[in-house]
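This is what each chain is made of:
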Amino acid sequence: MCGIIGFTGYIDAKEVLLNGLAELEYRGYDSAGIAVCTERGIETFKNVGKVASLRNEIPAEIQSSCGIGHTRWATHGGVTKTNAHPHSCGKVTLIHNGIIENYHELANELAKEGRIAQSQTDTEVAAMLLDSLYTGDPYAAISEAVKRLTGAYAFCILFADQKDVIYCIRKGSPLVACMAEEGAVIASDMVALLRYSKEYFVLPEYNIAKLTKNSIMVTDLYGNTVTPSMLSVNWDMSAAQKNGFKHYMLKEIHEQPESVRLTIRPRIKRENGFVLPDFSEDKIPDDLFMNAGRIIITACGTAMHAGLVGRILIERMLRIPVTVEIASEFRYADPIMDERSLVIVVSQSGETADTLAALRLAKEKGAKTLAIVNVKGSSISREADYCMYTHAGPEIAVASTKAYTAQLAVFYLIALRFAMAAGKLSDKQVSEYMNELEAVPEKIEKILKKRDVIKELSKRLTPASDLFFIGRGLDYALSCEGSIKLKEITYIHSEAYAAGELKHGTLSLITGGTPVIALGTQKDVFPKLISNVKEVRARGAMVILVTNEANDGDEALEKGICAEHLVIPACKDEFAPFLAAVYLQLIAYYTSSYRGLDVDQPRNLAKSVTVE
Ligand code: F6R
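Note that this is a predicted model, so its numbers are computed, not measured.

Only a minority of non-glycine residues have a phi that is not negative, and only a minority of peptide bonds are not trans. Proline 86 follows histidine 85 through a cis peptide bond whose omega is -5°. Relative to the helices and strands, proline 86 is located in the loop between strand E4 (66-72) and strand E5 (87-89). At asparagine 243, a position not held by glycine, the phi torsion is positive, near 50°. Tracing the backbone shows asparagine 243 in the loop between strand E14 (230-232) and helix H6 (248-254). For asparagine 243, a relative accessible area of 47% gives the class partly exposed. The residue lysine 283 is not glycine, and still its phi comes out positive at about 60°.

Structural data, given as structure tokens:
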């Protein structure tokens with residue numbers, strides 16, 4: 001939610017900022033702006049639209065080696081040039097990611113001093129507040145402002161009389177920084193630092209970072225020096241670029257064999273001829289699950305859908321009751337939890353505001369917490385009692401793909417490891433499942449080879465205005481993911497339905513030609529699913545049926561029952577979601593492309609939702 005970057009150093013700041021904003025654009029893309037220190041003072045340039053349109057606003061002759069930049073996802077105030085960041089007041093110019101909850105109250109107070117905002121944003125009020133508190137000491141002004149601000153924020157601040165120096169502070173919203181040969185860089189996400197360094201640190205909350213050309217000094221609010229721990233990434237610039245693919249989403253879909261492999265590999269041990277899950281590197285003790293009376297999985301969107309699959313696997317293999325809660329509901333539902341509860345939070349970014357709040361609530365209530373996170377050093381990864389990283393690498397497309405399958409991989413490992421530890425599955429049984437898990441990447445590759453078939457099939461969906469996904473059990477959990485993927489990037493209304501539930505209302509929406517994607521990968525419920533397919537067929541639906549090669553030859557699969565039939569490579573039923581997911585991602589991708597839409601940056605959305 002909004003991307004921010006600051007740079008001070010020895011090269012052209014506007015290029016650093018514009019490149020960084022292009023890399024952060026997935027976080028927000030309705031308007032963008034930069035402010036740079038020049039001989040004339042601080043100069044600000046903004047524009048509505050994408051970062052590319054900002055470039056045209058900046059005169060080529062602008063010379064600067066220090067500045068801040070912002071790409072916006074509007075929260076307070078419409079998409080206008082005035083509302084775009086940076087915002088200035090007196091000596092202060094700043095950019096902000098987050099929401100200042102008490103901005104209205106502050107604006108009223110500041111109005112009494114004659115300070116009136118020009119924009120409708122909460123951010124400008126923060127600039128006004130800081131300016132009102134600034135008497136030449138940035139630390140004093142920032143520390144005082146922090147006492148007065150409520151909400152979440154990451155700020156990069158320029159003071160007019162502190163040339164080429166950037167001050168930063170954060171609470172809730174992310175900020176990572178690195179010192180490189182070219183200078184000091186700070187940004188919302190590591191992807192914008194990658195050109196300069198693979199080593200970085202997360203700015204601790206309520207700490208102030210002072211960036212100068214050759215140093216980054218971090219202090220707490222009492223002036224004590226802080227040395228944040230350094231983190232590193234093992235991917236390079238190419239991981240954050242399109243590498244010849246037309247869109248990030250397509251590239252990330254194709255990266256899934258590797259990201260699943262990388263997620264599984266460090267968690268495997270081979271012992272006595274068995275392949276077994278091993279969490280010693282993650283330092284997750286077996287009693288974390290053994291002592292759990294109940295398990296709650298909480299997350300948002302796609303991450304929550306991974307949790308739906310996780311619930312079925314854990315309940316099936318471990319026989320502990322599991323519920324899946326939408327994080328934004330969970331946190332306000334006064335949930336029943338105690339020290340015997342285990343709360344698993346799932347998040348690609350590790351910064352989703354509702355998921356983070358749900359995690360904090362769980363900790364407050366004494367529950368044990370385990371995070372499944374992709375971004376190293378993110379708030380959720382640091383605050384949970386235990387963390388298992390998915391090794392999916394940077395996910396840039398707004399629609400999550402490789403993070404989802406990597407999250408599934410972690411849930412399989414969890415279910416198997418703890419079912420083994422609890423004696424619910426023998427080493428031999430676990431090893432058989434692990435062999436299947438290790439074979440998943442290769443099977444995903446087989447599906448990717450069929451992309452032209454999906455491309456062709458997607459033409460049939462392009463004119464649709466409504467579409468339904470149906471399935472039972474694991475197929476229903478996957479239907480939820482198929483549906484969100486399709487609607488978010490194609491703008492086609494879609495719904496996921498438990499196949500048996502259709503006749504309790506939804507069947508009235510099925511008319512001649514309505515596309516229905518029926519997932520039938522689970523043998524135990526396959527005949528039932530086929531009955532549901534016949535019900536929609538009888539109402540004229542255009543059915544795309546997905547089945548498991550392992551179960552094919554089933555009598556129920558009559559000729560003519562579907563308009564299109566997609567088969568996933570033979571696998572144990574439990575592993576079908578990995579494979580069928582790739583078909584659904586490709587369907588969403590190609591349908592969106594045929595509709596001529598912005599696949600990577602769909603309207604109204606942003607990648608990392610750091611506001612409630
Ligand atoms: C959909 C999508 C979102 C995210 C959700 C949670 O494709 O990407 O639904 O899954 O916003 O984000 P994270 O996983 O970063 O917490």
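For the rest of this paragraph, the subject is the site of the ligand. The local shell around the ligand holds 14 residues, among which Ser347, Gln348, Ser349, Thr352 and Glu488 are the closest. Interatomic distance of 2.6 Å between a side-chain N/O atom of serine 347 and an oxygen atom of the ligand. Measuring from an oxygen atom of the ligand, one finds a backbone N or O atom of serine 400 at 2.9 Å. The fraction of the free accessible surface of the ligand (400 Å²) that becomes covered by protein chains is 90%. Taken together, the elements giving at least two residues each to the shell around the ligand come down to helix H9 (301-318) and helix H16 (474-490).

Below, the discussion takes up the pattern of salt bridges. Tallied over the full model, the rule gives 34 salt bridges. Of the charged contacts, one joins arginine 115 and glutamate 113 as a salt bridge, the two residues approaching to 3.2 Å between their closest N and O atoms. Taken together, the salt bridges that share partners define one network made up of Glu113, Arg115 and Asp131.

Moving on, we get to the pairing of strand E1 (residues 3-9). Counting buried residues along E1, seven of its seven residues qualify, which places the element largely inside the surrounding structure. Where burial is concerned, the two faces of E1 agree: the one with Gly3, Ile5, Phe7 and Gly9 and the one with Ile4, Gly6 and Thr8 are both buried. Relative to E4, E1 runs antiparallel, the two being bridged by six bridges. Bridge pairing in E4 links glycine 3 to threonine 71. Here E1 pairs with strand E10 (residues 183-187) via five bridges, running antiparallel. Across the sheet, the residue bridging to isoleucine 5 is alanine 187, located in E10.

Judged by pairing direction, the sheet is parallel, and its five strands sit side by side in the order E23-E22-E24-E25-E26 without closing on themselves. With one partner strand each, in any of the chains shown, strand E23 (493-498) and strand E26 (564-568) form the two edges of the open sheet. On average, each strand axis in the sheet is tilted by 15° relative to the strand beside it, whichever way the strands run. Running over the sheet, helix H18 (residues 576-594) touches strand E22 (466-471), strand E24 (515-520), strand E25 (542-548) and E26 and is turned about 140° from E26.

Quick notes on the rules
- Residues numbered from 1 in each chain as written.
- Predicted model: local features only at pLDDT ≥ 70, side-chain atom pairs only at ≥ 80, totals over all residues.
- Heavy atoms only, no water.
- Helix = DSSP H or I, 4+ residues; strand = E, 2+ residues; numbered from the N terminus.
- Buried < 20%, exposed > 50% of the residue type's maximum accessible area, 1.4 Å probe, protein only.
- Near = heavy atom within 4 Å.
- Polar contact = N/O pair within 3.5 Å; in protein donor to acceptor, adjacent residues only side chain to side chain.
- Areas by Shrake-Rupley, 256 points an atom, 1.4 Å probe, with all protein chains shown as cover.
- Salt bridge = Lys/Arg side-chain N within 4 Å of Asp/Glu carboxyl O.
- Pairing = 2+ DSSP bridges.
- Axes fitted to C-alpha atoms, helices over the stretch in contact; angles between N-to-C directions.
- Contact = heavy atoms within 4.5 Å.

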